[in-house]
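Observations on the three-dimensional arrangement
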Amino acid sequence: MSRRHRHVVFIVLSLLAALLPARALAAAGNALTVFYKPPSAWSTVNVHWAPTGGAWTAVPGVAMSAASCSGWYTKVLDLGSATGAQLTFNNGSGVWDNHSGANYSVGTGVVAITGNAVAGTSDPCATAPPSSPPGGNTATVFYGTAGTGWTTVNIHYAPDGEAWTAVPGVAMNETACAGWVKKTVQLGAATGMQAVFNNGSGVWDNNRGANYRIGAGTTRVSGGVVTAGASDPCTAVPPDTTPPTAPAGLTAAVDHVTVTLGWSASSDDRAVTGYQITRNPGGNVLTTAYNTYIDGSLAPRTTYTYSVRAVDAAGNLSAASGTVTATTGDAPPLPAGGAMLGGDPRKESIYFVLTARFYDGDTSNDRGGSQNVRSGNAANNDPMFRGDFKGLVDRLDYIKGLGFSAIWITPVVLNRSDYDYHGYHGWDFYRVDPRLESPGASYQDLINAAHAKGLKIYQDVVYNHSSRWGANGLFVPTVWGARDGQWDWMYSEKVPGAVYDPMQENSLGRAYNGDLWSTTAPPGNTCPGYGTPNGQFSPEGYTIHNCQWPSPTAKMFPANLYHQCWIGNWEGEDSRSCWLADDLADFNTENPVVQQYLIGAYNSYIDMGVDGFRVDTAVHIPRVTWNRRFLPALQQHLVQKYGADKAKDFYVFGEVAAFVNDKWNRGSVNHSAQFYTWKERRSYVDDDVQAALDQYNYEEQLGTGNQPASTNAFLNGNDYHTPDHSQFSGMNIIDMRMHMNFGDAPNAFRNGADSDDSTNDATYNAVYVDSHDYGPNKSSTRYAGGTDAWAENMALMWTFRGVPVLYYGSEIEFQAGRQIDCGPTCPLATTGRAYYGDHITGTVVASGYGTVSSASGAVATTLNQPLVKHLQRLNQIRRAIPALQMGQYSTAGVSGGQIAFKRRYTSGSVDSFVLVAISSTATFTGIPNGTYTDAVTGDVKTVTNGTLTATVNAKGDLRAYVLSLPGNPAPGKVGADGPYLR
């Protein structure tokens, strides 16, 4: 339920009124005429008062009557012999005005009180006009009701500097048109107000708790979007019959089988909304919102002719441009690279590592960076870039020995910032960071080595933002800098032709940045006050100058390539078009130039043979942009490389961060994880910026009750059914709801299942307890629920629907309870991102998934820890039972246990059916008769009446009874008894 605006209520209670004798009225006493104007539109006004030296009236006082001018109330009080009084006022419903706790002290005669002050000693209605307050400003508000289902709408508001109206506000009852309600608010001298809306029955729209900011004039509020200076939506607009001007100067450039078109922008009496490009032969009509277009994947050695027409919002088409002809060359050869392993990604379990913090295979590429000393890392001999690809190659047998078949690694692109070991500050998306590579252990070498052991590589990718220093090859800002005595420590000497290389550090630990700074403003500078002191100082006392640090509002980035605002509302539209933090420069992902930069970069990693992408900050790019641009481009390249069938094996799972415990993220469908698993339900204009706004409004107005539903994760009784992926977007998700509720496994189980009908196919969800960002319930510390709780969590993740993910070191409760991240303000060794390598030194050889043939040193000790043994066996059991990997599930007919379900997977000759009970005994009824064998104990039960009871008496233990079916015998007992599975 939406949160309402909270009023500050001043309540005056007078115990003396009940203790002192009642005041006797004088026959002919002093009189006081009180005029009072409440701070908001009270429907009842009482004056609670006491004559000087006398008792107070009983709470809430006596009613006042409406005066002759608007907003004022009056009451004549008999003071008896007193020469003054104390006054307070209230609305009869608990809202008081007691002069900020001081009460109003007045004399006899006439007094006018408003605005928390005594305003005069005369009748305000004798001179004041019965119209607007001083200033006469008004706000005309139109509120869109389409999709809300509201028949009544109230506006609850507070002009700047004034109090809020009484709940629920005032009715929006002025004449409007279908889909809109209207109210004109008197602002007086105020120039704006805060407002929220409600339906009079307890349902509120308060802009996700932020309230709406509305200025004077006409404003439209619809679908969470405020349009200031708006026109009346109920006023008919003359039809637009004027077409745009024809595009001019059409050019074409050819690169292999790609043609890049450009032309001069058209103009229109209202606005050009896009362009239509006709390509012949074939008469294909292509569309774009920009005056450029990249036409890729054309036939080789073929001549194409293009012409362009502009279009406006009314659909008016301009005359055609002149034509241009382009002849393609040969298709570019695919890079040598590698090939992904393939296979259904749900068969895998994933080990997640911060590469730079996992295992140090090559100390020569260790780098501490400019924050090495300040962070405390230097004192610990623990540089931020410590682990590397060679370390991963060396420890692949450890990961496989745990039973994992896939590794999720943090971003590999060349980063650039003061503290960038994690990989999320990308600067050159076409280069691998050299601090991760070594001779014989390049990124390609890692992929090849992992594949040779049957391990997939899932690469973390970032489409939303670059480093604050821009993205090399797209745009890099020039910042103010000077070697002026104060800043010599920061700014390297300029070296002609030198390029950024983080391996080349001087003794102070900073990376070369001579390519970024200039003492004088560069040509075309748009940053105001370039190089002038801004009145601020660094912690060392050095003068800080304008344009010294890139930011969205400093006008150091071109608006066509980067967004230029800070996020204000994390569940609002601006969360998809503004910067998250000062080190994360937000790409304008609606621009085709930016899109092609990112698409080209990530295609190069597909060509290297990675097996999937974990998509960082996916929620901060509109779904329509994913669905129209990035996901189709990714799929197109995969199909070109692998063919349509194998391309489906590439696993894409997005981070749609929703740190709440409810099904829909604070009621916003656009910011809920499951929303991103669906295709669009309607078409939008070609302009990606407008399309994102239109999509946001459309889906928010439809609301949570009108979103698509799916049965893809659910059994039909006891039967598996073919899932319907026709509306799948191409992006799976990290299961944020289970993650947030993993404080205990039963809660995670219930919450996860509750969201599955709104996810396209929840059997593809990536499931984890904690990560490099958060623990359960948005905790800032690594999970510390205890070993038994960890065992139970793992038992659930490895048997319930979805793909289990474990953050490095959790197998030994590494850094449990430690703060996950503190930036450079504390040593990494004290955080959840500490270096893990000391626990896995020595030798280890994996003989299979979850089995180790030999181990020595610290890694042997680690492999003997109880959770490691538990994890190894869970991986063995999961790999032996297809239903635990890819099956649909049901809880129908399941009773007794807090975590219990049945799963089945049927495909071709495979038919796998299993009953799972975790931590406590559960009974299954209505199941197929037959012979069931528990994969944990080997216990065999023959079912003749459709009922089976699985007895479990220990936290973290489980039973997995598998039905023997024709051609699909139960695997029997899998693995050896351990500390939890026995």
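Bear in mind that the values here come from a model prediction, so they are computed numbers and not experimental data.

Turning our attention to the confidence of the model for the protein. Per-residue confidence for the protein averages 90 on the pLDDT scale, and 95% of its residues sit at or above 70. Confidence drops under a pLDDT of 50 for residues 128–133, and excluding neighbours within four residues, the segment shows 6 contacts in the predicted structure.

Considering all chains together, one arrives at 4 cavities of 30 Å³ or more under this definition. In terms of lining residues, the largest cavity is bounded by 20 residues, among which K663, A673, Q674, R737 and S755 are the most central. Here the residues of the lining of the largest cavity sort into 7 nonpolar, 7 polar and 6 charged. Of the pockets and cavities examined, the second largest cavity occupies roughly 60 Å³.

Ranked by internal contacts, the top residues of the largest apolar core, which has 161 residues, are F358, Y398, Y443, Y463 and L796. Excluding anything up to four places from it in sequence, Y398 contacts Y351, F358, E811, Y836, I840, V844, V859, T862 and L863. Listed in part, the 19 residues of the second largest apolar core include V45, A82, A85 and L87.

Before going further, it helps to spend a moment on unusual backbone geometry. Keep in mind that most residues, glycine aside, have a negative phi and that most peptide bonds are trans. V59 connects to P60 through a cis peptide bond whose omega is 15°. Following the sequence through the fold, P60 ends up in the loop between β2 (46–51) and β3 (62–63). Between N280 and the following residue, P281, the backbone shows a cis peptide bond with an omega angle of 5°. Relative to the elements of secondary structure, P281 occurs in the loop between β22 (272–280) and β23 (284–288). Positive phi, normally seen in glycine, also occurs at N103, with a value near 60°. Note that N103 resides in the loop between β7 (96–97) and β8 (104–106). Phi is positive for K778, which is not a glycine, with a value near 60°.

Among the structural elements, N706 can be located in the loop between α9 (688–702) and β40 (732–733). Residue classification places N706 among the partly exposed positions, given a relative accessible area of 43%. On a C-alpha basis, the gap between N706 and V669 in space is 9.9 Å, while along the polypeptide they are 37 residues apart.

Among covalent bonds in proteins, the disulfide is the one between the sulfur atoms of two cysteines. In total, this model carries 5 disulfides according to the counting rule given. Here C69 pairs with C125 through a disulfide, and the sulfurs are 1.9 Å apart. The chirality of the disulfide connecting C69 with C125 is left-handed, given an S-S dihedral of about -65°. Taken together, the residues C69 in the loop between β4 (65–66) and β5 (73–80) and C125 in the loop between β10 (117–120) and β11 (137–144) connect sequence positions 56 residues apart. Each disulfide pairs two cysteine sulfurs, and for C527 the partner residue is C547, the sulfurs being separated by 2.0 Å. Here the disulfide of C527 and C547 is left-handed, its torsion about the S-S bond being about -100°. Taken together, the residues span a long stretch of sequence, with C527 in the loop between β34 (517–518) and β35 (533–537) and C547 in the loop between β36 (543–545) and β37 (585–586) at a distance of 20 residues. For the pair C527 and C547, a shared accessibility class is recorded, and that class is buried. Here the cysteine-cysteine linkages of the protein are recorded as 1-2, 3-4, 5-6, 7-8, 9-10, numbering only bonded cysteines and doing so in sequence order.

Each value, and the rule that gives it
- Residues numbered from 1 in each chain as written.
- Predicted model: local features only at pLDDT ≥ 70, side-chain atom pairs only at ≥ 80, totals over all residues.
- Heavy atoms only, no water.
- pLDDT = per-residue confidence, 0-100.
- Contact = heavy atoms within 4.5 Å.
- 1 Å grid on protein atoms, 1.4 Å probe; cavity = no way out; pocket = protein on both sides within 12 Å on 5 of 7 lines; lining within 4 Å.
- Points joined across faces, edges and corners; volume = space filled by probe spheres on them.
- Nonpolar A, V, L, I, M, F, W, Y, C, P; charged D, E, K, R; others polar.
- Core = buried A, V, L, I, M, F, W, Y, C linked by side-chain atoms within 4.5 Å.
- Buried < 20%, exposed > 50% of the residue type's maximum accessible area, 1.4 Å probe, protein only.
- Helix = DSSP H or I, 4+ residues; strand = E, 2+ residues; numbered from the N terminus.
- Disulfide = S-S within 2.5 Å.

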